[in-house]
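Observations on chain architecture
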Amino acid sequence: MLPTIPSHLYELPIYKKAIEIITLSQNLSQYFIEDLSELKSDGSEDVNIYFSGDIVQQSVSLAPEILKAELEHYSERKYKHLLSIKRLTYLLHKNCSRLERANSNGKDYIAILRRELKAFRKLQHTWALRF
């Protein structure tokens, strides 16, 4: 059974930014899917389509990790969740770089996601100092 989550946690700036990143990455992925879903002339698919899905998976994992860190009582376990969030943001940046090399008009919108990730990292740093 899942513990009830206090409503004030949903008001955390880092949590709100994570939700924005989820929405943005899902919309960005849809845009890339439309551009990259066609098969190449040799019948193969564009490998970059998988990076758009990775971005969605990684961004969706941010918010639960934030809540887990907030609800954790032991500092070692909090640190584990903080490291997970740090790793996810690193992977998001890495997949943004991969998608920038894709043959799609959606790569123009990656700059927006990068800007939001930069803001998230600043919030992450400030938030992590509380632990």
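Below is a summary of the structure that appears in this document. (Residues numbered from 1 in each chain as written. Predicted model: local features only at pLDDT ≥ 70, side-chain atom pairs only at ≥ 80, totals over all residues. Heavy atoms only, no water.)

1. A look at the packing of aromatic side chains
Counted by the stated rule, this structure contains three aromatic pairs. An angle of 70° between the planes, with centres 5.3 Å apart, marks the rings of tyrosine 10 and tyrosine 15 as edge-to-face. Centroid distance tryptophan 127 to phenylalanine 131: 5.0 Å. Interplanar angle 85°. Geometry classified as edge-to-face. (Phe/Tyr/Trp six-rings, centres within 6.5 Å; stacked < 30°, edge-to-face > 60°.)

2. Quick look at the pattern of salt bridges
With the rule as written, the count across this model stands at seven salt bridges. Put simply, glutamate 72 and arginine 77 hold a salt bridge, and the shortest N to O gap is 3.8 Å. A relative accessible area of 46% means that arginine 77 is categorised as partly exposed. For arginine 114, the salt bridge is made with glutamate 100, and the minimal N-O distance between the two is 3.1 Å. Of this pair, arginine 114 sits in helix α4 (residues 110–128) while glutamate 100 sits in helix α3 (residues 75–100), placing them 14 residues apart in sequence. (Salt bridge = Lys/Arg side-chain N within 4 Å of Asp/Glu carboxyl O. Buried < 20%, exposed > 50% of the residue type's maximum accessible area, 1.4 Å probe, protein only. Helix = DSSP H or I, 4+ residues; strand = E, 2+ residues; numbered from the N terminus.)

3. Some thoughts on the layout of surface pockets
The rolling of a water-molecule-sized probe over the atoms marks out the regions of remaining empty space. The space that makes up the largest pocket amounts to roughly 250 Å³. Taken together, Tyr79, Leu82, Leu83, Lys86, Thr89, Arg121, Gln124, His125, Ala128 and Leu129 form the lining of the largest pocket. Only α3 and α4 provide two or more residues apiece to the lining of the largest pocket. Top contributing element to the lining of the largest pocket by residue count: α3, with five residues. Classifying every residue of the lining of the largest pocket gives five nonpolar, three polar and two charged. (1 Å grid on protein atoms, 1.4 Å probe; cavity = no way out; pocket = protein on both sides within 12 Å on 5 of 7 lines; lining within 4 Å. Points joined across faces, edges and corners; volume = space filled by probe spheres on them. Nonpolar A, V, L, I, M, F, W, Y, C, P; charged D, E, K, R; others polar.)

4. Focus: the packing of helix α1 (residues 13–36) against helix α2 (residues 48–71)
The contact between α1 and α2 brings their axes to 9 Å, and the two run at 165°. It follows that α1 is roughly antiparallel to α2 by the angle criterion. The two elements α1 and α2 meet at a crossing, and its hand is left-handed. Contact residues: Ile14, Tyr15, Ala18, Ile19, Ile21, Ile22, Ser25, Gln26, Ser29, Phe32, Ile33 and Leu36 in α1; Asn48, Ile49, Ser52, Gly53, Ile55, Val56, Ser59, Val60, Leu62, Ala63, Ile66 and Leu67 in α2. Within the contact of α1 with α2, the residues separate by chemical class into 17 nonpolar, seven polar and no charged. (Axes fitted to C-alpha atoms, helices over the stretch in contact; angles between N-to-C directions. Parallel < 35°, antiparallel > 145°, perpendicular 65-115°, else oblique. Left-handed = near helix turned anticlockwise from the far one by under 90°. Contact = heavy atoms within 4.5 Å.)

5. A short note on the nonpolar core
Judged by nonpolar contacts, the single largest core of 30 residues is most densely connected at Phe32, Leu62, Ile66, Leu113, Phe120 and Trp127. Sorting the residues of this core by element identifies α1, α2, α3 and α4 as the ones contributing at least two each. Not counting chain neighbours up to four residues away, the residues in contact with leucine 62 comprise Ala18, Ile21, Ile85, Leu88, Thr89, Leu92 and Phe120. (Core = buried A, V, L, I, M, F, W, Y, C linked by side-chain atoms within 4.5 Å.)

6. Let's talk about α4
With 19 residues, α4 extends 26 Å between its outermost C-alpha atoms, agreeing within 8% with the 27 Å of an ideal straight helix rising 1.5 Å per residue. When α4 is considered as a whole, its buried residues turn out to be Ile110, Leu113, Glu116, Leu117, Phe120, Gln124 and Trp127. Angular distribution of buried residues about the axis of α4 spans 115°; they occupy a single face of the element. Turned more than 90 degrees off the buried face of α4, the exposed positions are Arg115, Lys118, Lys122, His125 and Thr126. (Expected span 1.5 Å × (residues − 1). Arc of directions from axis to C-beta.)

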